[in-house]
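Below are the chains, spelled out letter by letter.
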Amino acid sequence: LNISAKTEYACVAVFELARHHHLGQPVPLRSIAEAHGIPSQFLVQILLQLKTAGLVKSTRGASGGYQLAM
């Protein structure tokens, strides 16, 4: 089974957001990217698509990041 890097990174990102969901705070994009060796600019594009699909929500600012929407 061959899956694209984009699909793999999207799954990793959603998994990380699910792991931190109980904290109730946004997860910084940089922490996901660094922990899993994902290029930040690529992860931004992936998370924007997930946000458009309604799967994640974002919070702006110094303590911002991404959370699962559901």
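Residues numbered from 1 in each chain as written. Predicted model: local features only at pLDDT ≥ 70, side-chain atom pairs only at ≥ 80, totals over all residues. Heavy atoms only, no water.

Moving on to empty space enclosed by the protein. Throughout the structure, instances matching the rule amount to one cavity of 30 Å³ or more. In this model, the largest cavity occupies a volume close to 30 Å³. Residues that form the lining of the largest cavity fall into these classes: four nonpolar, four polar and no charged. (1 Å grid on protein atoms, 1.4 Å probe; cavity = no way out; pocket = protein on both sides within 12 Å on 5 of 7 lines; lining within 4 Å. Points joined across faces, edges and corners; volume = space filled by probe spheres on them. Nonpolar A, V, L, I, M, F, W, Y, C, P; charged D, E, K, R; others polar.)

Evaluated as defined, the whole model comprises one aromatic pair. Ring centres of tyrosine 9 and phenylalanine 42 lie 5.7 Å apart, and the angle between their planes is 80°; on these two criteria the pair is classed as edge-to-face. Pair noted here: tyrosine 9 is in helix 1 (residues 5–19) and phenylalanine 42 is in helix 3 (residues 40–52), with a separation of 33 residues, a long-range link. (Phe/Tyr/Trp six-rings, centres within 6.5 Å; stacked < 30°, edge-to-face > 60°. Helix = DSSP H or I, 4+ residues; strand = E, 2+ residues; numbered from the N terminus.)

Using the criterion set out here, one finds one salt bridge in the structure. Across the pair glutamate 16 and arginine 19 runs a salt bridge whose closest N-O atoms are separated by 3.1 Å. Of the two residues, glutamate 16 and arginine 19 are both situated in helix 1; the distance of three residues between them amounts to about one turn of the helix. You can call arginine 19 partly exposed: its relative accessible area is 45%. (Salt bridge = Lys/Arg side-chain N within 4 Å of Asp/Glu carboxyl O. Buried < 20%, exposed > 50% of the residue type's maximum accessible area, 1.4 Å probe, protein only.)

If you look at the biggest cluster of nonpolar residues, it comprises 15 residues, and the most contacted ones within it are Leu17, Leu43, Leu47, Val56 and Tyr66. Of all the secondary-structure elements, those providing two or more residues to this core are helix 1, helix 2 (29–36), helix 3 and strand 2 (65–68). Per element, the largest residue contribution to this core is four residues, and it comes from helix 3. Residue contacts for leucine 43: discarding those within four places in its chain leaves Ala13, Leu29, Ile32, Ala33 and Ile38. (Core = buried A, V, L, I, M, F, W, Y, C linked by side-chain atoms within 4.5 Å. Contact = heavy atoms within 4.5 Å.)

Side chains Gly65 and Gln67 project from strand 2 onto one buried face, and the interleaved Tyr66 and Leu68 project onto a second face that is buried too. Strand direction decides the pairing type here: strand 1 (residues 56–59) and strand 2, joined by four bridges, are antiparallel. Within the sheet, the bridge partner assigned to valine 56 lies in strand 2 and is leucine 68. Turn length for the strand 1-strand 2 hairpin, with the two strands adjacent in sequence and antiparallel, is five residues, and the turn residue glycine 61 shows positive phi of about 110°. (Pairing = 2+ DSSP bridges.)

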